[in-house]
Amino acid sequence: MKLFANRTAKLFIFILLFTASYSFNTYSQQVIPIETKTNALVLQVEKNNDLSVVYYGKKLSDQQDYLAIAGQYKNSDYTGLLNSAYTPSGSRNLVEPAITVTHADGNTSLDLRFVSSETQKIDQNVSVVSILLKDPVYPFEVELFYKAYFNEDVIEQWSVIRHQEKGKVVLHKFASANLSLKANSYWLRHYHGDWAKEMQAEEYQLKHGIKTLDTKLGTRANLFQPSVFMISLDQKATEDEGTVMFGALEWSGNFKIDLELDSQDNLRIIAGMNNYASDYHLKANEEFETPPFLHTLSNQGKGLASRNLHDWARNYKLLDGKGTRLTLLNNWEATYFDFNEQKLAGLLKDTKELGVDLFLLDDGWFANKYPRNGDTAGLGDWQENAKKLPNGIGYLVKEAKKNDVKFGIWIEPEMVNPKSELYEKHPDWVIKQAKRDEYYFRNQLVLDLSNPEVQDFVFDVVDGLFTKNPDLAYIKWDCNAVIYNACSAHLKNQSHLYIDYVRGLYDVLKRIRTKYPTVPMMLCSGGGGRVDYGALQYFTEFWPSDNTEPIERIFMQWEYSFFYPLISMSCHVTDWGKQPIKFRTDVAMMGKLGFDIVVDHLNENDLKYCQEAIHNYNELKQTIWQGDQYRLSSPLTSSVATMMCVDKSKKQAVVFNYLVNNRYGAGSKLPVKFKGLNPTKKYMVKEINLYPGTNSTLGTGQVYSGDFLMNIGFNPDVRAGRNSVILLVSELN
Ligand code: DGJ
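Residues numbered from 1 in each chain as written. Predicted model: local features only at pLDDT ≥ 70, side-chain atom pairs only at ≥ 80, totals over all residues. Heavy atoms only, no water.

### Focus: the packing of aromatic side chains
Two aromatic rings, taken as a pair, are described by how far apart their centres are and by the angle between their planes. The criterion, for reference: The aromatic pairing rule takes the rings of Phe, Tyr and Trp, using the six-membered ring of Trp, and pairs them if the centres are within 6.5 Å, calling planes under 30 degrees apart stacked, those over 60 edge-to-face and the rest tilted. Helix and strand assignments come from DSSP, with helices taken as H or I runs of at least 4 residues and strands as E runs of at least 2, each series counted from the N terminus. The rule is simple: take the accessible area with a 1.4 Å probe, protein chains only, and divide by the maximum for that residue type; under 20% is buried, over 50% is exposed, in between is partly exposed.
Per the counting criterion, the structure on display carries 38 aromatic pairs. Aromatic pair Y439 and Y484: ring centres 4.7 Å apart, planes at 75°, arrangement edge-to-face. In this pair, Y439 is assigned in the loop between α6 (421-425) and β26 (445-446) and Y484 in the loop between β27 (472-477) and α8 (497-515), connecting sequence segments 45 residues apart. Residue Y439 is classed as exposed on the basis of its relative accessible area, which comes to 52%. Residue Y484 is classed as partly exposed on the basis of its relative accessible area, which comes to 28%.

### Considerations on the sheet that holds strand β17 (residues 255-261)
Applied cut-off: Any two strands with at least two DSSP-identified bridges between them are counted as paired. For helices, the axis comes from a line fit to the C-alpha atoms of the stretch in contact; other axes are also lines fit to C-alpha atoms, and the angle between any two N-to-C directions lies between 0 and 180 degrees.
The sheet built from four strands is open, its strands ordered β11-β18-β17-β14 with antiparallel pairing. The sheet is open, and its two edges are formed by β11 (177-182) and β14 (209-214), each paired on a single side. When strand polarity is set aside, the average angle formed by the axes of neighbouring strands in this sheet is 15°. With seven bridges connecting them, β17 and strand β18 (residues 266-273) associate as antiparallel partners. Note on β18: the bridge partner recorded for D258 is I270.

### A look at helix α7 (residues 452-468)
Structurally, the α-helix is built with 3.6 residues per turn, so residues lying three or four positions apart point the same way. What counts here: Working rule for helices: expected span equals 1.5 Å times residues minus one. When checking whether two residues touch, look at their non-hydrogen atoms; a contact exists if any pair is within 4.5 Å.
Across its 17 residues, α7 extends 23 Å between first and last C-alpha, which sits within 8% of the 24 Å expected from 1.5 Å per residue. For α7, the complete set of buried residues consists of V454, Q455, F457, V458, F459, V461, V462, D463, L465 and F466. Close packing links the buried residues of α7 with β24 (406-411), α6, β27 and α8.

### Concerning the environment of N603
Just so we agree on the cut-off: Definition of a polar contact: a pair of N or O atoms within 3.5 Å, with one able to donate and the other able to accept a hydrogen when the atoms are protein atoms, and with sequence-neighbouring residues admitted only if both atoms are side-chain atoms.
Relative to the helices and strands, N603 is located in the loop between β31 (592-595) and α12 (604-626). For N603, the side chain forms a polar contact with the main-chain nitrogen of N605, separated by 3.0 Å.

### What to know about empty space enclosed by the protein
This is how it is decided: Here a cavity denotes grid points, spaced 1 Å and computed from the protein atoms alone, that fit a 1.4 Å probe unable to get out, and a pocket denotes an open set having protein on both sides within 12 Å along at least 5 of 7 lines; residues with an atom within 4 Å of a point are the lining. Grid points are joined across faces, edges and corners, and a volume is the space filled by probe spheres set on the points. By convention here, the domain bounds are inherited from an automatic or database domain assignment.
Tallied over the full model, the rule gives six cavities of 30 Å³ or more. Three or more residues apiece are contributed to the lining of the largest cavity by two domains, here domain 1 (24-317) and domain 2 (328-627).

### Quick look at the side chain of E165
Under the convention used in this document: As used throughout, the charge tally considers Lys and Arg to be positive and Asp and Glu to be negative, leaving His and the chain termini uncounted. By salt bridge we mean one thing: a side-chain nitrogen of Lys or Arg within 4 Å of a carboxyl oxygen of Asp or Glu.
Within the secondary structure, E165 is located in the loop between β9 (154-163) and β10 (169-174). It is K166 that comes nearest to the buried, bridge-free E165 among opposite-charge side chains, at 9.6 Å. Polar contacts involving the side chain of E165 include one to the main-chain amide nitrogen of A104, which spans 2.9 Å.

### A look at the pattern of salt bridges
Following the criterion strictly, the structure yields 46 salt bridges and no others. The salt bridge involving E143 is made with R162; its shortest N-O contact spans 2.3 Å. Of this pair, E143 sits in strand β8 (residues 140-149) while R162 sits in strand β9, and the two are 19 residues apart along the sequence. The partner of K432 in a salt bridge is E438, and the shortest N-O contact between them spans 4.0 Å. Connected via shared salt-bridge partners are K134, E141, E143, R162 and E287.

### Some remarks on the domain arrangement of the chain
Accessible area lost on assembly of the parts is the figure often given for the size of an interface. Counted only if it meets this: What gets called buried area is simply the loss in accessible area from a 1.4 Å probe that two parts show on being joined, summed for both. Residue polarity follows a fixed list, in which Ala, Val, Leu, Ile, Met, Phe, Trp, Tyr, Cys and Pro are nonpolar, Asp, Glu, Lys and Arg are charged, and the others, Gly among them, are polar.
Splitting the chain by domain gives domain 1 (24-317), domain 2 (328-627) and domain 3 (631-731). Between the C-alpha centres of domain 2 and domain 3 the distance comes to 34 Å. Each side of the interface is counted separately: domain 2 has 29 residues, and domain 3 has 29 residues. Of the roughly 2,600 Å² buried between domain 2 and domain 3, counting both surfaces, carbon and sulfur atoms make up 67%. Across the contact surface, domain 2 and domain 3 share zero salt bridges. Here domain 2 is connected to domain 3 by eleven residue pairs in polar contact (both at pLDDT 80 or more). Contributions of two or more residues to the side of domain 2 that touches domain 3 are made by α10 (550-563), α11 (581-588) and α12. In terms of residue count, the dominant contributor to the side of domain 2 that touches domain 3 is α12 (eleven residues). Grouping the amino acids of the side of domain 2 that touches domain 3 by side-chain chemistry returns 15 nonpolar, eight polar and six charged.

### Here's the deal with the site of the ligand
Under the convention used in this document: One heavy atom suffices: a residue is near a molecule or strand as soon as one of its heavy atoms comes within 4 Å of it. Where accessible areas are quoted, they stem from the Shrake-Rupley method and a 1.4 Å probe; at the residue level, only the protein chains shown are allowed to cover.
Lining the immediate environment of the ligand, one finds 13 residues, of which D362, D363, K476, D478 and D546 sit closest. One of the side-chain N or O atoms of D546 is found 2.4 Å from an oxygen atom in the ligand. Relative to its free-state accessible area of 290 Å², the ligand is covered by the protein chains to the extent of 97%. Its residues assigned to classes, the shell around the ligand shows four nonpolar, three polar and six charged.

### Structural notes on the packing of α11 against α12
A pair of packed helices is characterised by two quantities: the angle between their axes and the separation of those axes. The cut-off we apply is this: For this classification, under 35 degrees means roughly parallel, over 145 means roughly antiparallel, 65 to 115 means roughly perpendicular, and everything else is oblique. Should the near helix be turned counterclockwise from the far one by less than a right angle, the crossing is left-handed, whereas a clockwise turn marks it as right-handed.
Remark: α11 packs on α12, axes separated minimally by 10 Å, with the N-to-C direction vectors making an angle of 15°. It follows from the interaxial angle that α11 and α12 lie roughly parallel. The crossing of α11 and α12 is right-handed. Residues I581, K582, T585 and D586 of α11 form the contact with α12, whose participating residues are D606, Y609, C610 and A613. Residues that form the contact of α11 with α12 fall into these classes: four nonpolar, one polar and three charged.

### Concerning the side chain of T642
Inspection of the secondary structure assignment puts T642 in strand β33 (residues 640-646). Reaching out from T642, the side chain makes a polar contact with the side chain of N657 at a distance of 3.0 Å. Setting aside anything within four residues of it in sequence, one finds T642 in contact with W558, Y630, R631, L632, S633, V655, F656, N657 and V672.

If you want it as structure tokens, here you go:
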């Protein structure tokens, strides 16, 4: 179908629609700059109405200058599509496409031309540019969205795909975003991992061809690789220098990010849900909305990029990002599955004695026909185990109240053990291939969340707990299995499963958040197998890793902290490793503090130390959670890792220092230069979290100017025997 009868009509419609948008044009081209405080992402409508990305970098003072950018790049682009803002396939394209389709008539070609653009100002800080692209031959369109957060220098990009063809169109690829960067060289930092080995960083120069970051695991999709990454331009960015883009997909399922260094040295970035085994059938007039791909660009290194992302997360994405959090005692490593009411009553008393806000009851409290006494049975049967908890959860919630602490509970509602009543009753709710042997991950299978009945069941697990126990104050939501044998008894199109699973999960989470808007929930996935900003809009915090050995944690938390603010990172003191309690606690304080130890096993001084540390944490938590974070000395390049949080008013700061190298003589030989303070103010620097009976080698507090602390620095005297040092920096009035 021809969309426009003739050129005159086309021009008329074009002018009518385009006047509403924020754009500039010459006779032949128009540019659409998407500006934030520091940057501009500039799109250009070419003479033939192709839409290109011509620039992403520091914004220019005169917006008319954007029109001259494209002319400065001499290249031989045979197709005119190398810098496409959303590369169609099957027509002129020769590189990795953003979208691939089979039309209702079986044709596989697509061309997308600019039709109109609009800017919607949501408030003083946020605006959304939407751009409509249409195929000149088929009634098929894509709307691109660019949501700009001005002060945070963050842009979220996504697409909506629709058509009015006679029959279904099959979408084979459906990116959220298609970017194009220009530099002399590109340096990628990304992450790989496994259970207990999350966030292992790799950084190297990209060469020609495609580097793909992806996952095909379905659930706990980040187990081997998360979607977060950085691209430094021209040279490897450092903490404070260089141009660097951070990117991530807001999606808790399969993702695919292609980084293609093309023949003309553009870095093409195509990011979205993974199209692996996921052809999507789209009916006429239905909309297919892709999840946002977020990015932030900094010309002052990785530190600024991460602070911008933290601000954005707390202001707009992380659930209750500006709110408070609860410190807690978890019983997982203290008891595993071996507990009863009496033991838990004791732990509730310990919670009070320790001085944290909440007791979190972990796995093992449910199931009767197949009791959950290990990880091989009971998952899915969410009734209290009568033997372990004869008086139910209600009794424990009341006991917690008596001890003046709150009560939280663990669930893993998306999963089922084959040995469970749920599986017996509803085998059709389970993702599996009926003709093949079942294959398990941690002895369990995944429920089919594409099925609305299963969505209701999962919602009811949570709703039931809150309805019966209105004082329940916290949920730990776990997810331990990946999807094997991907097949749904509910879906007609099996290739919809990976996508509809995540959409089903988000529908459940939306319902939970409508009814229980702010109750804290931890996103856990046998460690950090799931964290992303698609999920974090429903969760207040996430569990970075089951590996809580503190040296390992310093490295992991360091890498996570580039992308996620410390308020969102649950860090628990456990018995992993050989470090003393002070070291373990000092590391866990660099995040959202919790404990998972047997309090009863602590000696008098250890307990006293923990109580004092929790007291200090309560004094400092606003600075840690809401302040600006500076990485002062990296564990990757130094014997001492130093991380600093400065509250927004610059009146208080906390500096965490840890020895990460146990070789002879290793320690803080040089002063560490602080950041983010007011140079004209005086600050008292004092060591806190001292183990009972020890004195600080730094005296009782010394006064320096901000100028001194930031230019000369301060030596925390970290070394063997003083392997973790926490400094409180307070402005003097
Ligand atoms: C995996 C989690 O990461 C642990 O913290 C714990 O909750 C177990 N699951 C319980 O099965």
